[in-house]
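Structural features, examined
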Amino acid sequence: MAVTGDLSSMPFPELLQWLGGNGRSGILEIERDRVVKRLTFKGGHVIATASNDPRELLGHFLVSRGQITEDLLHIALAQQETGGKPLGLTLVELGVLSSEELIRNLSAQAEESIFSVFEFEDAVFRFHPGTVPDDSNFPIDIRVEDILLRGMQRLDEVRRIRAVFDDPGILVQRTE
């Protein structure tokens, strides 16, 4: 049976603690302003994420991090369109990224997507418990405890920055 609610009554960190601490498996959907994020849990660990936010697509993430160029992305997307394979697999097959580099980037992309939810106060969630497929060629495995620690640190940093730069038009963005 699905568990539903909103983050104003059950904040995201508490939801994560409940899922991770109880070793839950299933899919958590979080929706806000027509953006839907899906976190797949297996035994209380995050093993996959997805989002319909174009800024969180793998290609955009890799280009923004300097892992690939826009030209390489266009080549990979064209290849993906004809081959019908996931973009990550296409990039590995083209030799643009190694399997290890792809897994590292998929984990970083998942973490960034999850960290953004820490700032949500007005989103709804649905958790669909159940067995999840273990069919990923490039699996990620993120402990909920690690997400909670880094996510709360990040939220605290953002709040301190916003206390100084109080203009809502300023976009705080992590750079590396």
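What counts as what
Residues numbered from 1 in each chain as written. Predicted model: local features only at pLDDT ≥ 70, side-chain atom pairs only at ≥ 80, totals over all residues. Heavy atoms only, no water. Helix = DSSP H or I, 4+ residues; strand = E, 2+ residues; numbered from the N terminus. Core = buried A, V, L, I, M, F, W, Y, C linked by side-chain atoms within 4.5 Å. Buried < 20%, exposed > 50% of the residue type's maximum accessible area, 1.4 Å probe, protein only. Contact = heavy atoms within 4.5 Å. Pairing = 2+ DSSP bridges. Axes fitted to C-alpha atoms, helices over the stretch in contact; angles between N-to-C directions. Patch = residues over 30% accessible without salt bridge, like charges linked within 9 Å, V, L, I, M, F, W, Y side chains within 5 Å. Areas by Shrake-Rupley, 256 points an atom, 1.4 Å probe, with all protein chains shown as cover. Salt bridge = Lys/Arg side-chain N within 4 Å of Asp/Glu carboxyl O. 1 Å grid on protein atoms, 1.4 Å probe; cavity = no way out; pocket = protein on both sides within 12 Å on 5 of 7 lines; lining within 4 Å. Points joined across faces, edges and corners; volume = space filled by probe spheres on them. Nonpolar A, V, L, I, M, F, W, Y, C, P; charged D, E, K, R; others polar.

**Thoughts on unusual backbone geometry**
Not every positive phi belongs to a glycine, and Asp 33 is a case in point at roughly 50°. With phi around 70°, Arg 34 is a residue other than glycine that occupies positive phi space. Along the polypeptide, Arg 34 turns up in the loop between strand 2 (26-32) and strand 3 (35-42).

**Remarks on the nonpolar core**
Counting residues in each nonpolar core, the largest one holds 39 residues, and the members touching the most others are Leu 7, Phe 12, Leu 28, Ile 30, Phe 41 and Phe 118. The biggest single contributor to this core is helix 5 (residues 99-117), with six residues. Once you skip the residues sitting within four places of it in the chain, Leu 28 turns out to touch Phe 12, Leu 15, Leu 19, Lys 37, Arg 38, Leu 39, Phe 41, Phe 125, Arg 126 and Phe 127.

**Quick look at the sheet that holds strand 4 (residues 45-51)**
Strands sit in the order 1-5-2-3-4-6 across an open sheet of six strands; the sheet is antiparallel. Of all strands in the sheet, those bounded by a partner on one side alone are strand 1 (3-6) and strand 6 (142-143). Of the strands in this sheet, strand 1, strand 2, strand 3 and strand 5 (124-129) are in contact with helix 1 (residues 12-21), which crosses strand 2 at around 175°.

**Description of the environment of Ser 107**
Tracing the chain through its elements places Ser 107 in helix 5. For the pair formed by Ser 107 and Gly 84, sequence separation is 23 residues and the distance between their alpha carbons is 23 Å. Setting aside anything within four residues of it in sequence, one finds Ser 107 in contact with Ile 140 and Ile 142.

**Description of a nonpolar patch on the surface**
Side chains of Ile 161, Val 164, Phe 165 and Ile 170 sit close together on the surface and give an oily, nonpolar patch of about 370 Å² of accessible area. Within the secondary structure, Phe 165 sits in the segment after helix 6 (144-164).

**Quick look at the layout of surface pockets**
Over the atoms rolls a probe the size of a water molecule, and in doing so it shows where empty space is left. In this structure, the second largest pocket spans a volume of roughly 480 Å³. Every residue lining the second largest pocket is counted, 20 residues in all, and those nearest its centre are Ile 47, Ala 48, Thr 49, Ala 50 and Leu 106. For the lining of the second largest pocket, the secondary structure elements donating two or more residues are strand 3, strand 4 and helix 5. The leading source of residues in the lining of the second largest pocket is strand 4, at five residues. Broken down by class, the residue content of the lining of the second largest pocket amounts to 10 nonpolar, six polar and four charged.

**A word on the pattern of salt bridges**
When charged atoms on two side chains of opposite charge get close, those side chains can pair. Under the definition given, this model contains 13 salt bridges. The partner of Glu 29 in a salt bridge is Arg 126, with the nearest N and O atoms 3.0 Å apart. Of the two residues, Glu 29 is situated in strand 2 and Arg 126 in strand 5; the sequence distance between them amounts to 97 residues. Exposure remark for Glu 29: the relative accessible area of 14% places this residue in the buried category. If you follow the salt bridges from partner to partner, you end up with Glu 29, Glu 31, Arg 38 and Arg 126 in one network.

Distances and angles like these do not, on their own, reveal function.
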